[in-house]
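Read off the chains here:
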Amino acid sequence: MGDVFCGCGTVAHEARRAGLAFWGCDINPVATLIAKAKSARCAGASMRRRSAEIEAEMDGASRAHRLSPIAVQRLQRWFSDSAFNDLACLLNTINDVVPHSSPYRSVFHCAFSAILKDCSQWQQRSVKPALDRTKVAKDVRRAFAAQVEMMAAAFDEAGKATGPAPDIRRANVLTVDPPSELLDLIVTSPPYVTSYEYADLHQLSSLWLGFADDHRILRQGSIGTFEYEIDLRRAHTALNRTGKQVVFTLYEQDPAAARAVAQYFLDMQKMAARCREFLTAEGVAIFVIGNTRYRDVPIDNAAHLAESLLEAGFKRVRATRRRISNKSATPFRDAAGRYTRLRTRNPIYAEEFVLIAHL
Ligand SMILES: C[S@@+](CC[C@H](N)C(=O)[O-])C[C@H]1O[C@@H](n2cnc3c(N)ncnc32)[C@H](O)[C@@H]1O
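Everything numeric here is computed off the predicted structure, so don't read it as measured data. (Residues numbered from 1 in each chain as written. Predicted model: local features only at pLDDT ≥ 70, side-chain atom pairs only at ≥ 80, totals over all residues. Heavy atoms only, no water.)

Participant: How should the site of the ligand be read in this particular structure?
Facilitator: The local shell around the ligand holds 19 residues, among which C8, T10, D26, N172 and I223 are the closest. Between C8 and the ligand, the recorded distance is 2.9 Å, taken from a backbone N or O atom to an oxygen atom. Look at the ligand: alone it shows 600 Å² of surface, and the protein chains cover 88% of it. By residue class, the composition of the shell around the ligand is 11 nonpolar, 7 polar and 1 charged. (Near = heavy atom within 4 Å. Polar contact = N/O pair within 3.5 Å; in protein donor to acceptor, adjacent residues only side chain to side chain. Areas by Shrake-Rupley, 256 points an atom, 1.4 Å probe, with all protein chains shown as cover. Nonpolar A, V, L, I, M, F, W, Y, C, P; charged D, E, K, R; others polar.)

Participant: What is the right way to look at helix α1 (residues 10-17) in this model?
Facilitator: What sets the pattern is the α-helix's 3.6 residues per turn: residues three or four places apart point alike. Among all positions in α1, only V11, A12, A15 and R16 are buried. Seen along its axis, α1 keeps its buried residues to an arc of 140 degrees; they face one direction. Buried residues belonging to α1 abut β1 (2-3), β3 (167-170) and β4 (183-188). Of the residues one or two after α1, G19 is the one with positive phi, at around 80 degrees. (Buried < 20%, exposed > 50% of the residue type's maximum accessible area, 1.4 Å probe, protein only. Helix = DSSP H or I, 4+ residues; strand = E, 2+ residues; numbered from the N terminus. Arc of directions from axis to C-beta. Contact = heavy atoms within 4.5 Å.)

Participant: Is there a simple way to explain the environment of A153 in this structure?
Facilitator: Mapping A153 onto the fold places it in helix α7 (residues 140-158). C-alpha of A153 to C-alpha of K244: the two residues are 91 residues apart in sequence and 50 Å apart in space.

Participant: Explain the packing of aromatic side chains here, please?
Facilitator: Aromatic ring pairs are described here by two measures, namely the spacing of the ring centres and the angle between the planes. Applying the stated criterion across every chain yields a total of 7 aromatic pairs. Plain terms: the ring middles of Y264 and F265 are 5.8 Å apart, the flat faces sit at 45 degrees to each other, and that makes the pair tilted. Like F265, Y264 is buried. In textbook terms, an aromatic cluster arises when at least three aromatic residues are bridged by ring pairs, as seen for F79, F84, F112 and W208. The lysine or arginine in question, R77, covers the ring of W78, its NZ or CZ lying 4.7 Å from the ring centre. Note that K117 overlies the ring of W122, its terminal NZ or CZ placed 4.5 Å from the centroid. (Phe/Tyr/Trp six-rings, centres within 6.5 Å; stacked < 30°, edge-to-face > 60°. Lys NZ or Arg CZ within 6 Å of the ring centre and 35° of its normal.)

Participant: Mind showing me how you'd approach the nonpolar core here?
Facilitator: Soluble globular proteins tend to bury their nonpolar side chains together. Judged by nonpolar contacts, the single largest core of 49 residues is most densely connected at V4, M271, I289 and F314. For this core, the element with the highest residue contribution is helix α12 (residues 255-278), accounting for 13 residues. In contact with M271, other than residues within four places in its own chain, are V4, F5, V173, L174, F287 and L305. Among the nonpolar cores identified, the runner-up in size contains 45 residues, and I34, V98, C119 and F144 belong to it. (Core = buried A, V, L, I, M, F, W, Y, C linked by side-chain atoms within 4.5 Å.)

Participant: I tried to follow the state of the cysteines on my own but got confused; where do I start?
Facilitator: Linking two cysteines covalently through their sulfur atoms gives a disulfide. One pass over the structure, following the stated rule, counts 0 disulfides. Left unpaired, C6 is separated from the closest cysteine sulfur, that of C25, by 6.6 Å. For C6, a relative accessible area of 4% translates into the label buried. Considering cysteine sulfurs only, C110 is the nearest to C8, which forms no disulfide, with 8.2 Å between them. According to the relative accessible area criterion, C8 is partly exposed, its value standing at 29%. (Disulfide = S-S within 2.5 Å.)

Participant: Explain unusual backbone geometry here, please?
Facilitator: Most peptide bonds take the trans configuration, and most residues that are not glycine carry a negative phi. Within the chain, R295 stands out as a residue other than glycine whose phi angle is a positive 45 degrees. Within the secondary structure layout, R295 lies in the loop between β6 (292-294) and β7 (297-299). Although it is not a glycine, D296 adopts a positive phi angle of roughly 70 degrees. Relative to the helices and strands, D296 is located in the loop between β6 and β7.

Participant: Explain the pattern of salt bridges to me, please; I cannot follow it from the model alone.
Facilitator: Oppositely charged side chains may form a pair once their charged atoms are brought near each other. If you walk through the whole model with that rule in mind, you get 17 salt bridges. Linking R48 and D156 is a salt bridge whose minimum nitrogen-to-oxygen distance equals 3.4 Å. Linking R48 in helix α3 (residues 44-58) with D156 in helix α7, this pair joins segments that are 108 residues apart in sequence. Overall, R48 belongs to the partly exposed group, its relative accessible area being 31%. Note that R141 is salt-bridged to D59, the shortest N-O span being 2.7 Å. You can see R141 sitting in helix α7 and its partner D59 sitting in the loop between α3 and α4 (69-78), a full 82 residues away along the chain. Among the ionic contacts, a cluster of salt bridges with common partners joins E197, D200, R219 and E227. (Salt bridge = Lys/Arg side-chain N within 4 Å of Asp/Glu carboxyl O.)

Participant: Quick question: what am I supposed to make of the packing of α3 against α7 here?
Facilitator: In a packed pair of helices, the relevant descriptors are the angle between the two axes and the axis-to-axis distance. Contact pair α3 / α7: the axes reach a minimum separation of 8 Å and the direction vectors enclose 165 degrees. Taken together, α3 and α7 sit at an angle that is classed as roughly antiparallel. The hand of the α3/α7 crossing is right-handed. Only R141, F144, V148, E149, M151, A152, A153, F155 and D156 of α7 make contact with α3, whose side of the interface consists of G44, A45, M47, R48, S51, I54, E55 and M58. (Axes fitted to C-alpha atoms, helices over the stretch in contact; angles between N-to-C directions. Parallel < 35°, antiparallel > 145°, perpendicular 65-115°, else oblique. Left-handed = near helix turned anticlockwise from the far one by under 90°.)

See the structure below:
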């Protein structure tokens, strides 16, 4: 099975637990780092042993870093001086103690990545990057030790999984090489437009781990980004019926948003065709997708995707509705289209759809 937006590897992990081969891709390097670490074959005991070494070495470690001046400037906004220095020491120690060739190196980078928000002034539980100067950030060493323990326990648990090692690529679904063996099943949750920039959500990790000096570069190619280059006059002819309807209605209210939505819809149409290309003749693709509103205009992502799938050659698409009950910070939009936590009549993901497409 596969996931064309594999993110942090939830589907990959479940495939492994179910004993299934897995192929997946995601454009974001932090997402694939996490996805690969989650499904690495590591032993909890070895992780704990290396963690003890890291802890012992950290006292004498250098706080010198190899970050670019731009990255430092961006990171200093989020971290106190002491947290910044502790993180630099920790990362140097991980890199000294765990060799490049070891599978544990990316696992420890993943543990490092996982504590960054808690050790920063990033507003707790915020879905968007927001600074909270009053937040009491966690201590770097303690947070790291707790994270390692959690991951070690998860590896012990996953040790019982039987599936083959997953094949996870850092790549754009629109250009990636097809899997070497076609897939019977794709299960995926696509990105949304006019939502947050996925690349920005991982910015602390992207900067610390050197994936980019300026995390905004990672928005390029990301489906749903507001960084688009589209000439709507020329491109709109390629939009399907639902796409045209939504984009033209939105254009009256907000031309910039309409262009971003048009780019998103065009990318999703191409994505549907790629899913068909990746599947066996009787394959099935399952998408979890929500609708939203922007400036009071309904953005019917689910209807657009269903139409795109049929146009791509899927014979049957069934949709079921699912209520989302466990989102702690379900965002709403105010009348101007901005996010708010206040309950407005513009909830954006109170429910979502599961589309099941058969070839
Ligand atoms: C809703 S999230 C998927 C979450 C995932 N199910 C998980 O378990 O973490 C959407 C993902 O699509 C990825 N994405 C956006 N544009 C992409 C593209 N062009 N190619 C591949 N992945 C992309 C984002 O980086 C993000 O991780």
